[in-house]
Structure formats: structure tokens, C-alpha cells
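Geometric and topological summary
Single-letter residue listing:
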Amino acid sequence: MDSIDVETESSSRNTLSGLPVADRCRSWVGFKTFNPEGSSHTLSPSSSDLINLIVSVEDTGEGIPLEAQPRVFTPFMQVDPSISRKYGGTGIGLSISKCLVGLMNGDIGFVSIPDIGSTFTFTAVFSNGCSNSNDSKLQKQRLKTQANTMSSKFQGMTALVVDPKPVRAKVSRYQIQRLGIHVELVLDLNQGLSSISNENKVVNMVFIEQEVWDKDSSISALFVNKLQKIVSGVSTKLFLLGNSLSSRTNTATSGVYTPSVITKPLKASMLAASLQRAMGGNKGNPCNGEHPSLSLRKLLVGRKMLIVDDNKVNLMVAAAALKKYGADVVCADSGQKAIKLLKPPHKFDACFMDIQMPEMDGYVMLHTFKILVLDFFKFVVNF
């Protein structure tokens with residue numbers, strides 16, 4: 001089995017969010033394939049074709065209470081089993097995860113600190129996909145050809161990534177470099193201007209994190225103005241890196257340098273399509289990651305939708321999906337709030353509700369809504 005290089009020092013602040021997290025090294029204590037120093041054991045002499053993978057997932061949040069931690073992998077067990085619990089769920093997600101990891105001959109563990117968050121780590125054992133078969137060689141050649149075709153259009157170009165968070169910046173650099181682009185990382189817009197001001201350097205594109213761009217509109221506008229004065233002979237393209245809801249840009253930056261928004265997580269294929277479109281190519285058929293056609297964009301214009309879910313991430317994803325087609329979206333994170341909004345007469349065209357929510361689930365909410373409607377009609381008739 002191949003050995004695995006794992007971090008043995010705490011990096012509790014070197015995270016995508018920049019917030020402290022539970023020390024990931026403590027989450028794999030007791031794994032059967034690792035000794036206390038963090039190196040892997042060789043399970044058998046005949047396992048040279050096996051690859052060991054270790055994955056850590058860090059979550060910043062409330063963490064798991066100490067008294068509940070021993071039972072998190074037990075099926076159908078809730079950290080808070082009461083009907084008035086803050087979070088929903090059936091309590092089988094982690095038990096299923098443990099079963100899946102076991103099927104991959106791996107281990108799973110976690111460390112959680114209340115009010116800091118949790119870090120879960122698992123290992124899995126995979127077979128080496130490299131073989132001498134003709135099918136494998138053809139597949140590798142096909143993938144290599146696709147990669148070369150995708151990167152050939154941008155080979156030799158130079159990009160600047162402006163991001164104050166090192167881990168996130170490295171992720172962006174990796175995806176951009178896959179297209180054959182040389183990437184330089186800077187922490188803020190001032191460093192970016194210093195880099196671009198170098199007369200011996202040509203920068204074809206600048207990628208700026210949305211939060212950096214939105215932090216100070218005056219600095220962002222100044223960056224664009226100086227960029228127009230510095231750049232000569234080279235059309236430098238400006239891009240913002242944001243999530244699916246970060247579609248707005250500062251109005252102070254208009255004209256040829258108005259930035260295009262590229263949504264994360266970055267994918268090489270989507271990135272290539274966005275760059276090609278911004279540089280004047282591929283104006284025909286839409287590619288992965290592009291906006292839908294104008295006809296679909298107006299599909300839900302004028303429609304008001306209510307989304308009910310106790311999970312904030314689910315609310316964001318559902319709202320973004322409906323807004324993309326023009327809907328006016330209102331979100332509620334509990335059944336009680338939704339019932340108040342749906343009290344007749346309301347102006348919603350549709351309501352999307354999560355069936356499984358704490359305190360008032362979707363079924364109870366639907367039943368309560370029916371009673372409200374019946375009472376409303378009785379009032380209208382009697383009036």
C-alpha cells in the first residue's frame with residue numbers, strides 16, 4: 001500500500017473560511033492504518049496496487065455537545081431528540097457514511113469542539129487504475145487529448161488571483177493552471193496593482209474574489225481606473241470569483257472593464273468556457289456553467305415563490321435556482337414563519353416546503369394551511 005503524507009501539525013486557522021476549526025489531526029486518532037506519527041502501515045506484501053486516500057471535512061459551527069459525541073454514528077440517534085430541536089434530520093446520515101467507508105476498507109472518525117465546529121476524517125482504499133490493458137491505455141490517451149485541447153487555447157497566458165485566504169487562493173490557482181495558464185497570487189488589490197505595474201510583465205486576466213471586490217467600492221473603482229492606465233497593448237480581462245448568489249458588481253466599474261462573474265466551485269471545463277466567451281469566442285451553443293437562454297430566464301418572471309426549509313444551505317440553493325428563471329423568492333426557515341406568510345389573503349403563486357423540519361414539519365404545515373384556507377372561505381361566505 002502506498003504511504004500517505006498527512007499533516008501532523010495543527011493548522012486550525014489555515015482554512016477556507018479563515019475561522020478556527022477543530023484540529024483535524026485528532027480526528028484520525030485510532031485509525032487502524034496509521035500509527036501515532038501519522039504514517040501508514042503496510043497491510044500486506046501483495047497490496048502494491050492499492051492506494052490509500054484520506055479526506056478531512058472541516059465545519060465551522062456549533063459543534064457537537066460532548067455528551068452526544070459517543071452516539072453520533074448510531075442509527076436514528078439525534079443529538080437533540082426533542083420535537084422542539086433546532087435542526088432536523090433522521091439521524092442516519094453518519095451511520096450510512098460509516099457503512100460506506102467500511103465497504104471501502106477505511107476508517108472514519110471526528111473531533112468536535114462546542115462553539116468551534118467539527119472535523120470529520122475518513123480513509124478509503126482504492127485499486128490502482130493504471131494497468132497494461134489496451135482499454136486503459138486508450139482511456140488515458142483520450143483524457144490526455146481532451147486536456148491538451150482544453151488548455152491549448154490559453155497556453156502561455158498569465159493570470160493574477162487576488163484572494164486574502166491562502167487555502168482558497170491555492171484551490172483557484174490549481175484549476176486555472178490546469179488550462180496551461182501561469183498564475184500569480186496576491187492578497188489584495190493594492191498588491192495586484194503593484195504586480196500589474198511591472199513593465200516587463202504581461203497579465204492577460206485578473207481573478208478577484210467577490211468579497212474583496214465588494215469590500216470597498218472606491219478601491220475597486222480605483223483599481224479599474226489604474227488598470228486602464230497601466231495596461232497598454234494587452235486587453236486584460238477582469239473576472240470575479242463568487243458563489244451562485246454573488247451576481248452583483250459595483251456600479252462604479254462600468255465600460256470595457258466591467259468584470260464577469262464566474263461561480264464557484266471552479267471546474268476546468270466551466271472556467272475554459274467562461275474565458276473563451278469573455279475573449280470573444282464560443283458565442284454559439286451554451287456550455288456547462290453558462291446562463292440559460294433568454295426565453296427560460298423569463299419563465300417565472302412575475303411569480304412569487306415561498307421556500308420553507310430549516311437548512312440555510314438548502315434555502316440558498318433553492319432560492320438561487322428559482323431566481324435564475326426570474327422568480328421573486330421569499331425564504332422562511334420554519335413552519336411557523338411560513339404559516340404567518342401564507343395567512344390568506346397572500347400573494348404567493350407556489351410554496352416549496354421541506355417535509356422533515358423540527359417543531360412543525362411539512363405535513364403539519366400543510367394541514368395547518370388547509371385549515372387557514374377553509375376558515376378564510378367561511379369568513380368570506382358569511383361576510
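Anyway, here's the lowdown on the structure attached to this text. (Residues numbered from 1 in each chain as written. Predicted model: local features only at pLDDT ≥ 70, side-chain atom pairs only at ≥ 80, totals over all residues. Heavy atoms only, no water.)

Evaluated as defined, the whole model comprises four aromatic pairs. With a centroid separation of 6.4 Å and an interplanar angle of 85 degrees, the aromatic rings of Phe-73 and Phe-120 are classed as edge-to-face. Taken together, the positions of Phe-73 in the loop between strand S1 (50–60) and helix H1 (93–103) and Phe-120 in strand S3 (residues 117–127) put the pair 47 residues apart, joining distant regions of the chain. You can call Phe-73 buried: its relative accessible area is 18%. Both rings, one in Phe-207 and one in Phe-239, keep their centres 5.2 Å apart while their planes meet at 20 degrees; by these two values the pair is stacked. Linking Phe-207 in strand S6 (residues 205–209) with Phe-239 in strand S7 (residues 237–242), this pair joins segments that are 32 residues apart in sequence. Just as Phe-207 is buried, Phe-239 falls in that class too. Aromatic ring contacts, followed pair by pair, group Phe-73, Phe-110 and Phe-120 into a single cluster. (Phe/Tyr/Trp six-rings, centres within 6.5 Å; stacked < 30°, edge-to-face > 60°. Helix = DSSP H or I, 4+ residues; strand = E, 2+ residues; numbered from the N terminus. Buried < 20%, exposed > 50% of the residue type's maximum accessible area, 1.4 Å probe, protein only.)

Of all hydrophobic cores here, the largest spans 18 residues; its most connected members are Ile-176, Leu-179, Ile-181, Phe-207, Ile-262, Leu-271 and Leu-275. Among the elements of the structure, strand S4 (158–162), S6, S7 and helix H7 (268–278) are those that each provide at least two residues to this core. Counting residues per element, this core draws most heavily on H7, which supplies five residues. Beyond its immediate sequence surroundings of up to four residues, Ile-262 is in contact with Phe-207, Phe-239, Leu-240, Leu-241, Gly-242, Met-270, Leu-271 and Ser-274. Among the nonpolar cores identified, the runner-up in size contains 16 residues, and Leu-160, Val-186, Ile-196 and Phe-223 belong to it. (Core = buried A, V, L, I, M, F, W, Y, C linked by side-chain atoms within 4.5 Å. Contact = heavy atoms within 4.5 Å.)

Across the junction of Lys-264 and Pro-265, the peptide omega takes the value 5 degrees, indicating a cis bond. The omega torsion across Pro-344 and Pro-345 is -5 degrees, close enough to zero to call that bond cis. Here Pro-345 shows up in the loop between helix H10 (335–341) and strand S11 (350–353). Backbone geometry places Asn-105, a non-glycine residue, at a positive phi of 55 degrees. With respect to the element layout, Asn-105 can be found in the loop between H1 and strand S2 (108–113). Here Asn-105 falls in the exposed class, since its relative accessible area comes to 52%.

As a further point, take the environment of Arg-178. Looking at where Arg-178 falls in the secondary structure, it is placed in the loop between helix H3 (166–177) and strand S5 (182–186). Along the chain, Arg-178 and Ala-272 lie 94 residues apart, while their C-alpha atoms are 9.7 Å from each other. Within the local environment of Arg-178, its side chain forms a polar contact with the side chain of Gln-175, the two groups lying 3.2 Å apart. (Polar contact = N/O pair within 3.5 Å; in protein donor to acceptor, adjacent residues only side chain to side chain.)

Turning our attention to helix H9 (residues 312–323). Helix length check: H9, at twelve residues, gives a terminal C-alpha distance of 16 Å against a target of 16 Å (1.5 Å per residue), a fit within 8%. Within the sequence span of H9, burial applies to Leu-315, Ala-319, Ala-320 and Leu-322. For H9, the angular spread of buried residues about the axis comes to 165 degrees, placing them on one side. The outward face of H9, more than 90 degrees from its buried face, is lined by the exposed residues Val-313 and Val-317. For H9, the elements touching its buried residues are strand S9 (304–308), strand S10 (328–332) and S11. For H9, the N-terminal capping position is held by Asn-311, with its side-chain oxygen 2.9 Å away from the main-chain nitrogen of Val-313. (Expected span 1.5 Å × (residues − 1). Arc of directions from axis to C-beta.)

The next thing to look at is the environment of Arg-26. Looking at the element boundaries, Arg-26 is found in the segment before S1. Sequence separation between Arg-26 and Thr-121 is 95 residues; the distance between their C-alpha atoms is 9.3 Å. Setting aside chain neighbours within four positions, we find Arg-26 in contact with Val-111 and Ile-113.

Remember that the coordinates give geometry; whether it matters functionally is a separate question.
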